[in-house]
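Here is how the chains run, residue by residue.
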Amino acid sequence: MQISSPPAAVRAVPLTQEAFAPYGDVLEHAGPARRRYVSTPYSMAAGGLQHKMWISRVEQPLASPVGVTALERHVRSAQTFIPLTHSPYLVIVAPSLPDGLPDLARLQAFVASGRQGVSYAPGVWHHGLSAMRGGAEFVVTMAVAGDGGDDEFWPLPAPVHVTMPATLPEGA
């Protein structure tokens, strides 16, 4: 088992498609076309999986300073979050090491405006939903088997602190 050392702190930066591309898609319209198709939410729905959609509500705003103590992933399916209340939220991701554990040395943090959704590619380690304002609501979609193997959680060996940018992205 290979475990990378977590950094003591990670600086959150504004969410962009270019920076987030290794982890999935940023869901926002870009460019002059009327439609922008997004494939990540449906990129992996192997046999026996059913696409589910639900609404999650986050009552408590993110506490400052932010301390990340665990990550999760979904190896069978992408997981997509679409904000309904235009509340900014924190997106924390890490790639996998060859043995499947999160590469904590490459942990990244992004601040999503309340007008951006994210779709984590299958198997991407990420922090749980963390809204910066209370009363935030999100549409969540994911393919599930319902057999207990849809979610995998991993506690970090030491908390990682996330420092926030001085200003939130436009539209937040």
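Quick caveat, the model's predicted, so the values are computed rather than measured.

Procedures and definitions
Residues numbered from 1 in each chain as written. Predicted model: local features only at pLDDT ≥ 70, side-chain atom pairs only at ≥ 80, totals over all residues. Heavy atoms only, no water. 1 Å grid on protein atoms, 1.4 Å probe; cavity = no way out; pocket = protein on both sides within 12 Å on 5 of 7 lines; lining within 4 Å. Points joined across faces, edges and corners; volume = space filled by probe spheres on them. Nonpolar A, V, L, I, M, F, W, Y, C, P; charged D, E, K, R; others polar. Core = buried A, V, L, I, M, F, W, Y, C linked by side-chain atoms within 4.5 Å. Buried < 20%, exposed > 50% of the residue type's maximum accessible area, 1.4 Å probe, protein only. Helix = DSSP H or I, 4+ residues; strand = E, 2+ residues; numbered from the N terminus. Contact = heavy atoms within 4.5 Å. Pairing = 2+ DSSP bridges. Axes fitted to C-alpha atoms, helices over the stretch in contact; angles between N-to-C directions.

**Focus: empty space enclosed by the protein**
This structure, assessed with the given rule, holds one cavity of 30 Å³ or more. Taken as a whole, the largest cavity holds about 40 Å³ of empty space. In terms of lining, the largest cavity is formed by F81, Y89, L90, Y120, H126, H127, G128, L129 and S130. Split into classes, the residues belonging to the lining of the largest cavity amount to five nonpolar, four polar and no charged.

**Looking at the nonpolar core**
Counting 19 residues, the largest nonpolar core has V68, L71, L90, I92, L107, L156 and V162 as the members making the most contacts within it. Listed by contribution, the elements that provide at least two residues to this core are β1 (9-14), β4 (66-73), β6 (89-94), β7 (108-112) and β12 (152-163). No other element matches the four residues that β12 contributes to this core. Leaving out residues up to four positions away in the same chain, I92 has contacts with V68, L107, Q108, A109, W125, H126, H127 and V162. Of all hydrophobic cores here, the second largest spans 18 residues; its members include V58, V91, A136 and F138.

**What about the sheet that holds strand β3 (residues 50-58)?**
In space, the five strands of this open sheet follow the order β2-β8-β5-β11-β3, with antiparallel pairing throughout. Both outer strands of the open sheet, β2 (24-27) and β3, are each paired with one neighbouring strand and no more. Averaged over all neighbouring strand pairs, the angle between strand axes comes to 15 degrees, with direction disregarded. Two elements, β2 and strand β8 (residues 117-120), share four bridges in a ladder whose sense is antiparallel.

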